[in-house]
Amino acid sequence: MSTEQIAPLVALQSRSPSPARRRPGPRPNLIALLVAITLACSPLAFGYYNFSAWAPLGVGAVVLLVMLAFGPAATLGRYGRGAAFGLGLLLVLSFASILWAESRDSAWTSANQIAVYAVVFAIGVLAIRERTSARAVMLVLGLPALLSAIVLAVEFIAGAGGSDFLQGRLSNPMGYINGTAGLFVMGVWPWFGLAESARSRWLRSASVAAAALIAATAVLTQSRAIVLATIAAIVLVLIAAPGRTRRGVNLLIVLAAVAASAHWTLQVYSSTGPSQLLDPSTGAIRGAGLALLGAALVGGGLKALAGTLAARLPAIRRERLSARLGRGLLALTVAGVLIGGIAEHQRLSTQWHDFTALKAEKSAGNRFLALGGGYRDDLWRIALDEFAAAPLGGVGAGNFSDQYYERRHQLEDVTVPHSLELQMLAELGIGGALGLGLFIVAVLAAALTRRRATLAGADAALKIAALGMFAAWLAATSVDWLYDIAGLACMAMLAAAVLVAPAAAAAESTDPPPRPVAMRRGRQGQVTLVVTLGLLALVAASLGRQYVAVLYSDSGRNLVVRHPLRALQTLRTAEQLDPWSLQTQYAVAAAYAHLNDYQAARAALLRAAELEPENYVPPALLGDIATRNGDRAAALTAYRRALRLDPLEPALQQAVAAASGATG
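Every value quoted in this text rests on a predicted model; they were computed, and no experiment measured them.

### Focus: a nonpolar patch on the surface
Thinking step 1. A cluster of nonpolar side chains, L143, L147, I150 and V154, forms an exposed patch at the surface whose accessible area comes to about 330 Å².
Thinking step 2. Tracing the sequence through the fold places I150 in helix α7 (residues 131-157).
Thinking step 3. A relative accessible area of 37% places I150 in the partly exposed class.

### Focus: the packing of aromatic side chains
Thinking step 1. In this structure the tally under the stated criterion is 15 aromatic pairs.
Thinking step 2. Between F46 and Y176 the ring centres are 6.5 Å apart and the planes differ by 75 degrees, which places this aromatic pair in the edge-to-face class. Of this pair, F46 sits in the loop between α3 (27-40) and α4 (51-70) while Y176 sits in the loop between β2 (169-170) and α8 (177-187), placing them 130 residues apart in sequence.
Thinking step 3. Assessed through its relative accessible area of 45%, F46 is described here as partly exposed.
Thinking step 4. Through a chain of ring-to-ring contacts, three or more aromatic side chains come together here, namely F46, Y49, Y176 and W481.
Thinking step 5. Sitting over the ring of Y79, R78 keeps its end group 4.9 Å from the ring centre.

### Quick notes on the environment of L533
Thinking step 1. Mapped onto the fold, L533 is located in helix α21 (residues 523-559).
Thinking step 2. Given the relative accessible area of 24%, L533 is considered partly exposed.
Thinking step 3. L533 sits 467 residues away from V66 along the chain, and the two C-alpha atoms are 6.9 Å apart.
Thinking step 4. Setting aside chain neighbours within four positions, we find L533 in contact with V66, A69 and F70.

### Focus: the nonpolar core
Thinking step 1. With 143 residues, the main nonpolar core has F121, I123, M186, W189, F439, F470 and W473 as its most contacted residues.
Thinking step 2. The greatest single-element share of this core, amounting to 15 residues, is contributed by helix α6 (residues 104-127).
Thinking step 3. Formed by 30 residues, the second largest nonpolar core is a distinct cluster that contains A587, A608, Y639 and V656.

### A few points about α3
Thinking step 1. With 14 residues, α3 extends 20 Å from end C-alpha to end C-alpha; this agrees with the ideal 20 Å at 1.5 Å per step.
Thinking step 2. Three or more residues of α3 are buried, namely P28, N29, I31, A32, V35, A36, L39 and A40.
Thinking step 3. Packed against the buried residues of α3 are α4, α6, α7 and α20 (486-500).

### Structural notes on the confidence of the model for the protein chain
Thinking step 1. Of the residues in the protein chain, 83% reach a pLDDT of 70 or more, and the chain-wide mean stands at 87.
Thinking step 2. Note that pLDDT drops below 50 for residues 1-26; the model gives that stretch ten contacts with residues more than four away or on any other chain.
Thinking step 3. Contacts of residues 505-521 to residues separated by more than four positions or lying in other chains number 30 contacts, the stretch itself having pLDDT below 50.

### Considering empty space enclosed by the protein
Thinking step 1. As enumerated under the stated definition, the model contains two cavities of 30 Å³ or more in all.
Thinking step 2. Considering the residues around the largest cavity, the lining is formed by L87, L90, I114, Y117, L420, M424, L436, F439, W473, Y483 and M493.
Thinking step 3. When residues in the lining of the largest cavity are grouped by element, the largest group, four residues, is from helix α18 (residues 420-448).
Thinking step 4. Forming the walls of the second largest cavity are N178, A181, G182, V185, S223, A225, I226, A476, D480 and L482.
Thinking step 5. Among the elements of the structure, α8 and α11 (225-240) are those that each provide at least two residues to the lining of the second largest cavity.
Thinking step 6. Per element, the largest residue contribution to the lining of the second largest cavity is four residues, and it comes from α8.
Thinking step 7. Looking at the lining of the second largest cavity residue by residue, the classes come out as six nonpolar, three polar and one charged.

### Some words on the packing of α8 against helix α9 (residues 189-197)
Thinking step 1. Running from N to C, α8 and α9 cross one another at 15 degrees; their axes reach a closest spacing of 5 Å. Relative to α9, the element α8 is oriented roughly parallel. Between α8 and α9, the contacting residues are V185, M186 and G187 on the first element and W189, P190 and W191 on the second.
Thinking step 2. Of the residues assigned to the contact of α8 with α9, the class counts are five nonpolar, one polar and no charged.

### A closer look at unusual backbone geometry
Thinking step 1. Between N172 and the following residue, P173, the backbone shows a cis peptide bond with an omega angle of 15 degrees.
Thinking step 2. In the Ramachandran plot, Q222 falls in the positive-phi region, its phi being about 55 degrees despite a non-glycine side chain.
Thinking step 3. Inspection of the secondary structure assignment puts Q222 in the loop between α10 (201-219) and α11.
Thinking step 4. Judged by relative accessible area, Q222 falls into the buried class, the value being 1%.

### What about the pattern of salt bridges?
Thinking step 1. Taken as a whole and assessed by the stated rule, the structure comprises eleven salt bridges.
Thinking step 2. The salt bridge partner of R246 is E196, with a shortest N-O separation of 3.6 Å. Taken as a pair, R246 in helix α12 (residues 244-270) and E196 in helix α9 lie far apart in primary sequence, 50 residues in all.
Thinking step 3. According to the relative accessible area criterion, R246 is partly exposed, its value standing at 43%.
Thinking step 4. As a salt-bridge pair, D480 and R376 come within 3.4 Å of each other at their nearest N and O atoms. Here R376 lies in helix α16 (residues 376-389) and D480 lies in the loop between α19 (460-478) and α20, a separation of 104 residues in the sequence.

Conventions and cut-offs
- Residues numbered from 1 in each chain as written.
- Predicted model: local features only at pLDDT ≥ 70, side-chain atom pairs only at ≥ 80, totals over all residues.
- Heavy atoms only, no water.
- Patch = residues over 30% accessible without salt bridge, like charges linked within 9 Å, V, L, I, M, F, W, Y side chains within 5 Å.
- Areas by Shrake-Rupley, 256 points an atom, 1.4 Å probe, with all protein chains shown as cover.
- Salt bridge = Lys/Arg side-chain N within 4 Å of Asp/Glu carboxyl O.
- Helix = DSSP H or I, 4+ residues; strand = E, 2+ residues; numbered from the N terminus.
- Buried < 20%, exposed > 50% of the residue type's maximum accessible area, 1.4 Å probe, protein only.
- Phe/Tyr/Trp six-rings, centres within 6.5 Å; stacked < 30°, edge-to-face > 60°.
- Lys NZ or Arg CZ within 6 Å of the ring centre and 35° of its normal.
- Contact = heavy atoms within 4.5 Å.
- Core = buried A, V, L, I, M, F, W, Y, C linked by side-chain atoms within 4.5 Å.
- Expected span 1.5 Å × (residues − 1).
- pLDDT = per-residue confidence, 0-100.
- 1 Å grid on protein atoms, 1.4 Å probe; cavity = no way out; pocket = protein on both sides within 12 Å on 5 of 7 lines; lining within 4 Å.
- Points joined across faces, edges and corners; volume = space filled by probe spheres on them.
- Nonpolar A, V, L, I, M, F, W, Y, C, P; charged D, E, K, R; others polar.
- Axes fitted to C-alpha atoms, helices over the stretch in contact; angles between N-to-C directions.
- Parallel < 35°, antiparallel > 145°, perpendicular 65-115°, else oblique.

Shown next as structure tokens:
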């Protein structure tokens, strides 16, 4: 062929898409990284605990999931489908429970929360398609724990940081003690993963140093939940992947570093006195800061020494030594558990008695030795009672607290039973327990399988990072309330997505790239796309409507004192958007009270009492405004009603006594 004949063919080929151009671009991986970075910033906003923080982020997550739906197709895999079905069941039951829940507003909020968690999980499964991006996601999720530990250590050494503690326990950066503990106990695992995957010996040492620093900082929270979380995560990561001896050595190094720093980190708590009413001393805080950096140096130094010694041994001798060391560590662990259990039998019996008798343990020098303290036995009892009363549908999503105050045997003010499993059982009944169980079983099955059906299945370091983070969150929220801290819960959802993400979705595959969902042929693909987009639109509408209602309600409350008439106009809009909100009704009553309209204020509170008849707050407020208006008989009736719903509240007992005396 002549040059003139070849030229048109070359031009035609240049206009046709090449295989490289047809391959899916980096957008899915970038979406996963964007979500991870957003979650990594959660300590800057109290873990996105407040609805006003996580609701708009949830809407943004829905938008990202829609983008993935129109992008290159991806499969969920067997484990992903199981986990997605479990979350889907929880989501459906949560929204359905609005029909029978005492507090429909709480049920709506809880359903929206589960929707956000499900959306983040779906983004992770569909967007993480190769091991490189999965590792990057996990390291990003580990960064907030490391950076927070570094900043706190420097701050403590400078003599500052007293405001970071609440009753001798580290509260910042999350602003909640249990949330801060969760951040550290979850964030330590990506650095354990890097310690096994890094090629550089010095980077492995630096990773162990980072893990030691985070673990030592977690001790300052004095959170008993991290003990269970750490044990559960260690057991699972040792079982899940080969290389247990190396992993066990890394764990022992970190534990040794934490033990070396414990004298000074525990001193902060003990310096606040027997009842933790004193502020931590500057000397104790400075000593803790130095101990944190010391723990990092000890951890990194021991890892470097172990690596140097191992490198000098011949390969055969190193393998033999590794096998012997592994057997020795296993035997030592079993012996330690048995001996410790026998030696501490009396202490454990005492702790169990304290737990069931609702005694807050004060005899131990630190809370880690007071495993039986607290009031969880009462919370769990109430959750089981609620399940027994409504085993099929539960009391409704987010409605544990509506019967809690009437049934409690102590004065703790809580809204959740401090156990995710019992919360789902009480609020959503058998279906809730089944949905949560399916999700957990699918994720753990993906993590523990020997097959390489998932991305993490062929990457031990990735499995350690993701499984450790998810297991730590799950164990901690089984005895605490990390589930309601959206930033941490979404980190766990992303880690779960890494565990179940199918290996077939990896970008290294030589198969032809999948077509975008929107271009799939056949009615089934079109129906799936339409249904998916419809469900996402409903989720976005639900989140958006409640979020806007909260904005109007907050704005109206801010205007109550200065401009009560303007406040009422704003609150009416909030009421139209969310007719179940008691906070809006309280603000309406306050606005009318500032206008000296007693009857209208009373009507707003009566409306609140109709919305939630078992809530003690509306009748208590009715008693307050009746007292201010001089209607003593009405005040006494309202206070007595409130006291029946919350019999142990001292303020209500005093109010009833005062009203009874005033009426003669």
